[in-house]
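Examining the three-dimensional arrangement
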Amino acid sequence: MKAIQISSGIYSIHADIDDKNALFEGFWPLPYGVTLNSYIVQGEKTCLIDLFKEWSDSLAQYEEQLISIGVKLEDIDCVVLNHLEPDHTDYLRELRRRNPKVQIISTEKGVAMLQKFFGISENLRSVKTGDTLDLGGRTLTFYETPNVHWPETMMTFDNESEILFSCDGFGSYGSLGEKVFDDEFSAEEHLKFEKECLRYYSNIVASFSPFVKKAVEKLADLKIKVVAPSHGIIWRSEPKKVIERYLRYAGYNTPGSGQDQGSSLEKEICIVWSSMYGYTKKGLDAVIEGIKEIGVPFSIHQLPQTNFSFVLADALKSAGLVIAMPTYEYKMFPPMAHFIDLCGRKHITGKKVLRIGSWGWVGGAKKEYETSTAALNWEQGAQIEWQGIPSEETLKILKEQGKDLALKIKNS
Ligand code: FEO
């Protein structure tokens, strides 16, 4: 793998993590891999922007690319750390071992974290929005973008090439291979990346949607020619596309007020279901019949068979939710309880919801469900419960409820 030139004196270096057992943040599956992008920016001085962590064979990939452009670690003058999460900073220990004089630049909060994370107290510079770094022949400007993803996060702009180094922001799951630019991928590949982008956003960024909007506002006056994130595709042909995509995603759980309320949500329904013996599933089939009659698109995920990471992506974007689960020992079916807990943590808010499910000897899911979803701003429709196998009468009601929810979504 070779380093790729983005502009005169600017190179992308990336490590593809293609280990199918790898988990992002130790939690989220990566069936299509992920990249860790870093950038070399050369003026009279040489600067590295964001690093990587040793993961799979990332170290070998990274060092091979540095060698391919003739950059030695010992020659790097400064390193800009837009974000302190270890997927972008872990390599700092090796870099400092081989080049103890390297200057490290981050926000004030980032510098404080560096001291705590790595015990570093020398050659640090803290920067704030508008501060610059003169590399000799080119100047970098810094923009604090807190909470995209951690509180210390910033983005870096190269004024000469008009490249924005955005770290987690505008990033995606999915490894890149030999191609890195948006115009190098086919429509089919873009479709895959877009799905992985939404999944990444729902897993990693969704909790911070208001801050995504603020960051985009802050950058609005910049003429951005290239968006270069630290995960995923580098956008040189259509940089606006990924910025607008992120704004759309941010709107999924931070709707505007008044008439804009919820308007950015997709007119789709995300069905999340669990069933112990097929009795809840039988009831769900009637709901699906009703949804199909109205013709609203839907996604469907069974728990625990589907990883929560994928369910969150569809749940975030969809205006409607169907939660189908049996009562389990007086409470919610445990995998569904976990999903609803994740909805709270990831701010999956503002949905129109239908909840259904069967119970064996006594109910109980309803009470726990109502408590667990109280803070989610979900517009709760009917909650239909039944004992054992749903009767013909119950199935008719369930079909009507499916139609009712679908109509609400269609007309929203
Ligand atoms: Fe890619 Fe928040 O680290």
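Here we summarise the structure given alongside this text. (Residues numbered from 1 in each chain as written. Predicted model: local features only at pLDDT ≥ 70, side-chain atom pairs only at ≥ 80, totals over all residues. Heavy atoms only, no water.)

Looking now at the overall build of the protein chain. A tally of regular secondary structure across the protein chain gives eleven helices and 21 strands. Over its C-alpha atoms the protein chain spans a radius of gyration of 24 Å, differing by no more than 12% from the 22 Å that the globule rule assigns to 412 residues. Judged by the C-alpha coordinates and their principal axes, the protein chain covers about 80 × 40 × 40 Å. Within the protein chain, the proportion of its 412 residues that are buried is 55%. A fraction of 71% describes how many contacts in the protein chain between residues 6 or more apart in sequence connect residues 24 or more apart. With an accessible surface of roughly 17300 Å², the protein chain has 50% of that area assigned to carbon and sulfur atoms. One finds the centroid of the 47 positive side-chain charges in the protein chain at a distance of 4 Å from the centroid of its 56 negative side-chain charges. (Helix = DSSP H or I, 4+ residues; strand = E, 2+ residues; numbered from the N terminus. Rg over C-alpha atoms; globule rule 2.2 N^0.38 Å. Buried < 20%, exposed > 50% of the residue type's maximum accessible area, 1.4 Å probe, protein only. Contact = heavy atoms within 4.5 Å. Areas by Shrake-Rupley, 256 points an atom, 1.4 Å probe, with all protein chains shown as cover. Lys, Arg positive; Asp, Glu negative; His and termini not counted. Charge placed at Lys NZ, Arg CZ, Asp CG, Glu CD.)

Right, let's get into the layout of surface pockets. By volume, the largest pocket is sized at about 500 Å³. Elements represented by at least two residues in the lining of the largest pocket include exactly α4 (187-205), α6 (239-253), β15 (266-273) and α8 (308-317). Among the elements that make up the lining of the largest pocket, the one with the highest residue count is α4 (seven residues). (1 Å grid on protein atoms, 1.4 Å probe; cavity = no way out; pocket = protein on both sides within 12 Å on 5 of 7 lines; lining within 4 Å. Points joined across faces, edges and corners; volume = space filled by probe spheres on them.)

Turning to the environment of Arg248, a few remarks are in order. With respect to the element layout, Arg248 can be found in helix α6. Those residues within four positions of Arg248 in sequence are excluded, and the remaining contacts are Glu194, Ser264 and Glu266.

On to helix α11 (residues 392-410). For α11, which comprises 19 residues, the first-to-last C-alpha distance of 27 Å matches the rise-based estimate of 27 Å (1.5 Å per residue) to within 8%. Inspection of α11 places Thr394, Leu395, Leu398, Gln401, Gly402, Leu405, Ala406 and Ile409 among the buried residues, and these make up the whole buried set. One side of α11 holds all its buried residues, which, seen down the axis, span an arc of 130 degrees. Those residues of α11 that are exposed and aimed more than 90 degrees away from the buried face are Glu392, Glu393 and Lys396. (Expected span 1.5 Å × (residues − 1). Arc of directions from axis to C-beta.)

This part takes up the pattern of salt bridges. Under the criterion given, the structure shown has 26 salt bridges. Residue Arg97 pairs with Glu94 through a salt bridge whose shortest N-O separation is 3.1 Å. With a gap of three residues between them, Arg97 and Glu94 both fall in helix α2 (residues 92-98), about one helical turn apart. Here Lys403 ties to Glu293 by a salt bridge, and the two come within 3.3 Å at their closest N and O atoms. (Salt bridge = Lys/Arg side-chain N within 4 Å of Asp/Glu carboxyl O.)

Moving on to the sheet that holds strand β10 (residues 132-134). Read across the open sheet, the five strands follow the order β10-β11-β12-β13-β14; overall the sheet is mixed. The open sheet has two edge strands with one neighbour each: β10 and β14 (226-229). Each strand axis lies, on average, 20 degrees off the axis of its neighbour in the sheet, ignoring direction. Pairing of strand β11 (residues 139-144) with strand β12 (residues 154-158) involves five bridges; the strand directions are antiparallel. Each residue of the ladder has a partner; that of Phe142, found in β12, is Thr156. (Pairing = 2+ DSSP bridges. Axes fitted to C-alpha atoms, helices over the stretch in contact; angles between N-to-C directions.)

Secondary-structure assignment places Arg138 in the loop between β10 and β11. On the basis of relative accessible area, Arg138 is assigned to the buried category, the value being 7%. A polar contact of 2.9 Å, which involves the side chain of Arg138, links it to the backbone oxygen of Ser8. With near-sequence residues (within four places) excluded, Arg138 lies in contact with Ser8, Gly9, Ile10, Val41, Gln42, Gly43, Leu133, Asp158, Glu160 and Ser161. (Polar contact = N/O pair within 3.5 Å; in protein donor to acceptor, adjacent residues only side chain to side chain.)

Turning to empty space enclosed by the protein, a few remarks are in order. Applying the stated criterion across every chain yields a total of one cavity of 30 Å³ or more. Here the largest cavity defines a volume of roughly 50 Å³. What lines the largest cavity is simply Phe170, Gly171, Ser172, Phe193, Cys197, Pro229, His231, Gly232, Ile233, Trp235, Val242 and Arg245. Of all elements in the fold, only α4 and α6 reach the threshold of two or more residues within the lining of the largest cavity. Taken together, the residues of the lining of the largest cavity sort by class into seven nonpolar, four polar and one charged. (Nonpolar A, V, L, I, M, F, W, Y, C, P; charged D, E, K, R; others polar.)

This part is about the packing of α4 against α8. The interhelical angle for the contact between α4 and α8, taken along N-to-C directions, is 95 degrees, at an axis separation of 8 Å. Viewed along their axes, α4 and α8 adopt a mutual orientation that is roughly perpendicular. Taken together, the residues of α8 that come into contact with α4 (itself represented by Leu198, Arg199, Tyr201, Ser202 and Asn203) are Ser309, Phe310, Leu312, Ala313, Leu316 and Lys317. Here the residues of the contact of α4 with α8 sort into six nonpolar, three polar and two charged. (Parallel < 35°, antiparallel > 145°, perpendicular 65-115°, else oblique.)

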